[in-house]
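# Examination of the molecular architecture
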Amino acid sequence: MAYVQGLRCRECGREYEVAPVFTCEWCFGPLEVSYDYDAIRGAVSREKIAAGPLTMWRYADLLPSDRNPAVDLGAGFTPLVRADRLAAELGLGELWVKNDTVNPTNSFKDRVTSVALAKALEFGFKVAACASTGNLANAVAAHAAHAGLKSFVFIPADLEQGKVVTTAVYGGNVVAIDGNYDAVNRLCAELAGTYPWAFVNVNVRTFYAEGSRTLAFETAEQLGWEAPDHVVVPIASGSLLTKIRKGFDELAEVGLLDEPPAVRVSGAQAEGCSPVARAWLDQSDTIKPVKPSTIAKSLSIGNPADGYFALDAVRETGGGLAAVSDEEIVDAMVLLARTEGIFAETAGGVTIATLKRLAEEGVIRPDERVVAYVTGHGLKTLDAVVDRGHPTAVIAPTLDAFHEAFPPDRFEQ
Ligand SMILES: [Zn+2]
């Protein structure tokens, strides 16, 4: 926190004091935290980070708030899993899966929530709130409970039961809105102007978004302080993708990477909600809002706030984008589980299906070191794979019945 200089508009560059504000008064562009990288370079080292907590807060020098134990549930520093069996099936070489399903509420949203609510407490807020497609709802409700804050979580009414139950259980207020995420988000923007609450992804969004950079920091540290050649990141608002890219660049800026990385960044969307991939495929600069219709509900943002920045990042780094069907998403969830023992939610299916597609198209190459970001756990979206999850056999509790189902001469003993 000592290293935050202020806030800066990403469009016009106008500067602001640190405050719970998120858009430029001048041009309505989004605000971003600016850091004193020279001071950070003097303060950080690989050794200092290695001696830090085994959570995302080991990178506190690069974050816009200090760790607050009242909020911290231990998010981050999740496994980077070498995925040789998946790589072999996809015809790729060195492939890694960043397994963010094992966070406290089983998605990467714990990272952004941890930063946002630590900052919200610094600002003196008493109520935590958010607009959510599900995962953020879980994270905000849980972190608010841990911190003893009241919470108001706003979700679309058609959300998966797994995400409603795993939010409501924390005891805050869960408000289901008769409308899609974009409608929920609009209502929350109005509420944020009326109530003195910390809407983590509205009025505290500037700080919240910074938490996603820890995914890049961890990846580089876990690769022995090297950057990957190519990353695949799911796109909802587009913030995660742009922040992961920024995170790698910052590591070189503060001397934690030896040379400026050249990470190619590819984005993953579901066909039923693919405004960014659509613009890419149409070679257009205009991101046309869509009405989402896909099983990947955590990515169902039809009017992505950072869509243009995500598209730009993909173009600048020479990555690619794909829009994958619901069937490809389910197939990819099963593929990842079968080859690597990682059960991802539908958004993870979107990432792996995109990885597969871009590998087939030659955009992702076998000579590249690739990292795929799997951001949420499969238990959150069981409905999507319920048809693929039957017992291999149902038998009587006898040896004979087992032998009949699995003849000894046909199965290894
Ligand atoms: Zn501006």
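Every value quoted in this text rests on a predicted model; they were computed, and no experiment measured them.

## So, the overall build of the chain
Across its full length, the chain holds 15 helices and 13 strands. When the backbone C-alpha atoms are referred to their principal axes, the chain occupies close to 75 × 45 × 45 Å. The contacts in the chain between residues at least 6 apart in sequence include a share of 71% that link residues at least 24 apart. Of the accessible surface of the chain, which amounts to about 17300 Å², a share of 51% is contributed by carbon and sulfur atoms. Between the averaged position of the 37 positive side-chain charges in the chain and that of its 54 negative side-chain charges there is a distance of 3 Å.

## Observations concerning the pairing of strand 10 (residues 230-234)
Here strand 10 lies mainly inside the structure; five of its five residues are buried. Of the two faces of strand 10, the one holding H230, V232 and P234 and the one holding V231 and V233 are both buried throughout. Of the pairings in the sheet, the one linking strand 10 to strand 11 (residues 264-270) comprises five bridges and is parallel in character. In the strand pairing of strand 11, V233 is matched with G267. Since strand 10 and strand 11 lie parallel, the crossover through helix 10 (residues 239-253) that links them has a hand, and here it is right-handed. Judged from the three bridges that link them, strand 10 and strand 13 (residues 369-374) form a sheet pairing that is parallel. When the bridges of strand 13 are listed, H230 appears paired with V370.

## Let's talk about the environment of D387
Examined against the element boundaries, D387 turns out to sit in the loop between strand 13 and helix 15 (399-405). Residue D387 is classed as exposed on the basis of its relative accessible area, which comes to 65%.

## Re the pairing of strand 6 (residues 127-131)
With five of five residues buried, strand 6 is to be regarded as a mostly interior element. Neither face of strand 6 is open: one carries V127, A129 and A131, the other A128 and C130, and all of them are buried. Bridging between strand 6 and strand 7 (residues 150-156) involves five bridges; their strand directions are parallel. When the sheet's bridge partners are listed, A129 is paired in strand 7 with F152. Where the polypeptide runs from strand 6 across helix 5 (residues 135-147) and back to strand 7, its parallel neighbour, the crossover connection is right-handed. Inspection of the sheet shows strand 6 paired to strand 9 (residues 198-199) by two bridges, in the parallel sense. Its bridge partner lying in strand 9, A128 is registered against A198.

## Comments concerning the coordination of the zinc ion
Those donors, C9 (SG), C12 (SG), C24 (SG) and C27 (SG), are the protein atoms that reach the zinc ion, and they lie 2.3 Å from it. Coordination at the zinc ion comes from four donor atoms whose angles at the metal span 97 to 117 degrees, giving a geometry best classed as tetrahedral. The motif formed by the donor residues of the zinc ion, counted along the single chain, is C-x2-C-x11-C-x2-C. Here C9, found in strand 1 (residues 4-9), pairs with C27, found in the loop between strand 2 (15-16) and strand 3 (31-35); they are 18 residues apart in sequence, far enough to count as distant. Judged by its relative accessible area of 3%, C9 is buried.

## Points about the packing of aromatic side chains
A full pass over the atoms with the stated rule returns eleven aromatic pairs. In this structure, R14 packs its charged tip against the face of W26, placed 4.0 Å from the ring centre. Its guanidinium or amino end placed over the ring of F123, K119 lies 5.6 Å from that ring's centre, counting from NZ or CZ.

The rules behind the values
Along each chain, residues carry numbers from 1 onward, in the same order as the chain's sequence is written. Thresholds applied to this predicted model are a pLDDT of at least 70 for local features of residues and 80 or more for the giving and counting of side-chain atom pairs; totals over whole chains, interfaces and linings are not thresholded and use all residues. Water and hydrogen atoms play no part in the side-chain values, which are based on all heavy atoms of the structure. Working definition: helices are DSSP H or I runs of at least four residues, strands are E runs of at least two. Numbering for both runs from the N terminus. Any two residues whose heavy atoms approach within 4.5 Å at even a single point are treated as in contact. Only the protein chains shown count as cover for residues, with accessible areas throughout obtained via the Shrake-Rupley method and a probe of 1.4 Å. When charges are counted, Lys and Arg are positive and Asp and Glu negative, with His and the chain ends excluded. Throughout, a charge is located at the NZ atom of Lys, the CZ atom of Arg, the CG atom of Asp or the CD atom of Glu. For every residue, the accessible area (1.4 Å probe, protein chains only) is compared with the maximum for its type, and the residue is labelled buried under 20%, exposed over 50%, or partly exposed between those bounds. Each pair of strands is called paired provided DSSP finds at least two bridges between the two strands. When the strands point away from the viewer and the connection leading from the first strand across the helix to the second strand turns clockwise, the crossover is called right-handed. Metal-coordinating donors are taken as N, O and S atoms lying within 2.8 Å of the metal, or within 3.2 Å when the metal is Na, K or Ca; because water is left out, some sites can appear incomplete. Any site counts as irregular unless it has four donors with all angles between 85 and 135 degrees, making it tetrahedral, or four or six donors with opposite ones more than 155 degrees apart and the rest between 65 and 115, making it square planar or octahedral. Aromatic pairing here means that ring centres of Phe, Tyr or Trp (its six-membered ring) are within 6.5 Å. Orientation follows from the plane angle: under 30 degrees is stacked, over 60 is edge-to-face, and everything else is tilted. A ring is scored as having a charge over it whenever the NZ atom of a lysine or the CZ atom of an arginine sits within 6 Å of its centre and within 35 degrees of its normal.

As far as function goes, none of this settles anything; it's purely spatial.
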